Amino acid sequence: SIFGSTTLGLTYSLVFSEALLAPAIPSLAARAGGIFLPLAKALCVACGSDPEDGTEGKMGSYLMKTFFQGTCISSAMFITAMAANPLSVNLAAAAIGETISWTQWAVAAFVPGLVCLITMPLILYIIYPPEVKDSPEAPKKAKEELAKLGPMSSDEKVMAVSLLSTVAMWVFGASYGINAVAAALSGLTVLLVTGVISWKECLNENGAWNTFTWFAALISMAGCLNKFGLIPWFSGQVVNVVGQLGLAWQPAFLVIVLLYYYSHYLFASGAAHIGAMYTAFLSVAVACGSPPLMSALCLGMLSNIMGCFTTYGIGSAPPIYGTGYVPLSKWYTLGGILSVYYLFVWLGIGGAWWKVIGLW
């Protein structure tokens, strides 16, 4: 009721709601496409913005584009916010000999991520403004839908407690010897034992099993490439090229980041990009003198942010673009502008924050 009376306030509510659930729902496609996209589309239609009747510009174009950009930012803020982030952690452990914890990632991403979440909707509000600035229908629609849901059921209460306890173990578990896998299995066990979900339902999660299988192959492949010398050879070639430029590690790291970041245009999957290039580029950065942990974290976070540009580069892009609210030309133009802004925030403000917390 407080924020939903204006288009900007409604958009902020949607962006931050998605970000709050991000650490507890690792599947970006499920979180954005399965949970929040139907809600966002229903709100747009309720406010009279529908591409089928040519009114997408009233509110929906701005809201959908901002919502999508928010999913890229939230996925970069937590290890458990995107399915490919653990792959980055595993590859980093093999490359630099140090395992990134859930807390390390979250603390490092907090400041640049929060800055982006706050400023990005304002930037789009200026360069891609909605035709309708007020949305008085939205709070009424939300109250109606909430009334239809009724009070929380016992299963929903168990689910809420399980999610909160799992996230708490991800945050604080390292201090007590509880790793991320044990925390996730504990939450799943509670849901199975209490009957909130069944094992048959788990087996029907084809996307999750597909991800599990391919990640195992990607991690194994990356290890073999390193073992048989391809990654060290590639790293050496790039180090020689960058070294000939006579750059200090800071500008050399910037060159490496730019190459890694914008090469995502060639990939239709974050996991595929990470599996193919993360270890090599991290090895190059370290060889050029960049701090290992900072380099691993930065490349891992940007592996999510770089999906902001295309209609296929991250799991939330296809379903949101498929709603028809944002034309292709606008999608790429706005994504290109924001991709530059994100680099400024994550390398500039983020770099200063990482200096404060001792990453370099």
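Data block above holds the structure.
Residues numbered from 1 in each chain as written. Predicted model: local features only at pLDDT ≥ 70, side-chain atom pairs only at ≥ 80, totals over all residues. Heavy atoms only, no water.

Describe helix α4 (residues 85-96), and please don't skip the residues or the numbers.
Taking 1.5 Å per residue, twelve residues should reach 16 Å; α4 reaches 16 Å between its end C-alpha atoms and fits that length. Those residues of α4 that sit buried are Asn85, Leu87, Ser88, Val89, Leu91 and Ala92. Looking one or two places after α4, you find glycine 97, whose phi comes out positive at around 75°. (Helix = DSSP H or I, 4+ residues; strand = E, 2+ residues; numbered from the N terminus. Expected span 1.5 Å × (residues − 1). Buried < 20%, exposed > 50% of the residue type's maximum accessible area, 1.4 Å probe, protein only.)

So, empty space enclosed by the protein: which residues are in play, and what are the values?
A complete count under the given rule lists one cavity of 30 Å³ or more for this structure. Here the largest cavity defines a volume of roughly 60 Å³. Along its surface, the largest cavity is lined by Tyr261, Tyr262, His264, Tyr265, Met306, Phe309, Thr310 and Ser339. Classifying every residue of the lining of the largest cavity by side-chain character gives five nonpolar, three polar and no charged. (1 Å grid on protein atoms, 1.4 Å probe; cavity = no way out; pocket = protein on both sides within 12 Å on 5 of 7 lines; lining within 4 Å. Points joined across faces, edges and corners; volume = space filled by probe spheres on them. Nonpolar A, V, L, I, M, F, W, Y, C, P; charged D, E, K, R; others polar.)

A description of the packing of aromatic side chains should follow, citing residues and the corresponding values.
In this structure the tally under the stated criterion is ten aromatic pairs. With 5.6 Å between their ring centres and 75° between their planes, tyrosine 62 and tyrosine 125 make a pair best called edge-to-face. You can see tyrosine 62 sitting in helix α3 (residues 60-77) and its partner tyrosine 125 sitting in helix α5 (residues 102-127), a full 63 residues away along the chain. Residue classification places tyrosine 62 among the buried positions, given a relative accessible area of 1%. (Phe/Tyr/Trp six-rings, centres within 6.5 Å; stacked < 30°, edge-to-face > 60°.)

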